Amino acid sequence: MKASKIIALLATLLVAACSGRAKVIPDDVLVNIFHDAFIANAYLSKQGIMPNDSLIIYEPILEKYGYTVDEFRETLQELSQRKSARVSDLLTKASELLDEEAAIERHRLAILDTIDNIAKREYTRTIYHD
């Protein structure tokens, strides 16, 4: 009976200790967060909006993925201490993801431009030619 109470107490203490610590964000999710942050920064820059507190724009991005600013800070601190993974590697992956998306959008624009030019040639008629 005492052994089961001790095990239950240890389990409770372990759960309590683990729940107080911030979650570490996995690398693949962190790449997506950086990706979304790059897009948000580009949009705000294009609109000429410079918020006083940059966390205002990052909090909704972190919430989208189910994390908090404190968990983000904890993750960055943990990443800076690891030698196997660097933040620059994750930023490079996010940049490559943006490049891939940009290439897809350029291709879509080329298709739309081609369709537009074909339509203009097909449906343009000469009223008067001198």
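Residues numbered from 1 in each chain as written. Predicted model: local features only at pLDDT ≥ 70, side-chain atom pairs only at ≥ 80, totals over all residues. Heavy atoms only, no water.

(A) Structural context of the overall build of the protein chain. Secondary structure summary: the protein chain contains 5 helices and 0 strands in total. Shown N-terminal to C-terminal, the secondary structure of the protein chain runs as helices and strands in the order α-α-α-α-α. Taking contacts inside the protein chain between residues at least 6 apart in sequence as the whole, the part at least 24 apart equals 74%. Summing over all exposed atoms, the protein chain offers an accessible surface of approximately 10400 Å²; the carbon and sulfur share of this is 59%. (Helix = DSSP H or I, 4+ residues; strand = E, 2+ residues; numbered from the N terminus. Contact = heavy atoms within 4.5 Å. Areas by Shrake-Rupley, 256 points an atom, 1.4 Å probe, with all protein chains shown as cover.)

(B) Highlighting the side chain of D36. With respect to the element layout, D36 can be found in helix α2 (residues 27-47). When its relative accessible area of 14% is taken as the criterion, D36 is described as buried. (Buried < 20%, exposed > 50% of the residue type's maximum accessible area, 1.4 Å probe, protein only.)

(C) Seen up close, a negative patch on the surface. Together, E96, D99, E100 and E101 make up a negatively charged patch on the protein surface. Looking at the element boundaries, D99 is found in helix α5 (residues 87-123). (Patch = residues over 30% accessible without salt bridge, like charges linked within 9 Å, V, L, I, M, F, W, Y side chains within 5 Å. Salt bridge = Lys/Arg side-chain N within 4 Å of Asp/Glu carboxyl O. Lys, Arg positive; Asp, Glu negative; His and termini not counted. Charge placed at Lys NZ, Arg CZ, Asp CG, Glu CD.)

(D) Structural detail: the nonpolar core. In terms of nonpolar packing, the biggest core is built from 16 residues, with I25, L30, I33, F34, F72 and L90 touching the most fellow members. At the level of elements, α2, α3 (55-64), α4 (69-81) and α5 are the ones that each hand at least two residues to this core. Tallying contributions element by element places α2 first for this core, with 7 residues. (Core = buried A, V, L, I, M, F, W, Y, C linked by side-chain atoms within 4.5 Å.)

(E) Representation of the packing of α2 against α5. Between α2 and α5, the shortest axis-to-axis distance is 8 Å and the interhelical angle comes to 60 degrees. Classified by the angle between their axes, α2 and α5 sit oblique to one another. The interaxial crossing formed by α2 with α5 has right-handed handedness. Facing α2, whose interface residues are D27, L30, V31, N32, F34, H35, F38 and I39, α5 presents V87, L90, L91, K93, A94, S95, L97, L98 and E101. Taken together, the residues that form the contact of α2 with α5 break down as 11 nonpolar, 3 polar and 3 charged. (Axes fitted to C-alpha atoms, helices over the stretch in contact; angles between N-to-C directions. Parallel < 35°, antiparallel > 145°, perpendicular 65-115°, else oblique. Left-handed = near helix turned anticlockwise from the far one by under 90°. Nonpolar A, V, L, I, M, F, W, Y, C, P; charged D, E, K, R; others polar.)

(F) Examining the confidence of the model for the protein chain more closely. Per-chain confidence: the protein chain averages 79 in pLDDT, with 78% of residues scoring 70 or above. Of all helices and strands in the protein chain, the one with the weakest mean pLDDT is helix α1 (residues 2-20) (44), whereas α2 scores best (90). Confidence drops under pLDDT 50 across residues 1-19; counting only partners more than four residues distant or on other chains, this segment forms 0 contacts. (pLDDT = per-residue confidence, 0-100.)

(G) The arrangement of the environment of P26 in detail. Locating P26 in the fold gives a position in the loop between α1 and α2. A residue is classified by how much of its surface remains accessible, and P26, at 35% relative accessible area, is partly exposed. Along the chain, P26 and T75 lie 49 residues apart, while their C-alpha atoms are 8.4 Å from each other.

(H) Local environment of the packing of aromatic side chains. Tallying each qualifying case throughout the model produces 1 aromatic pair. Ring geometry for F34 and F72: centres 6.1 Å apart, planes at 75 degrees, overall edge-to-face. You can see F34 sitting in helix α2 and its partner F72 sitting in helix α4, a full 38 residues away along the chain. (Phe/Tyr/Trp six-rings, centres within 6.5 Å; stacked < 30°, edge-to-face > 60°.)

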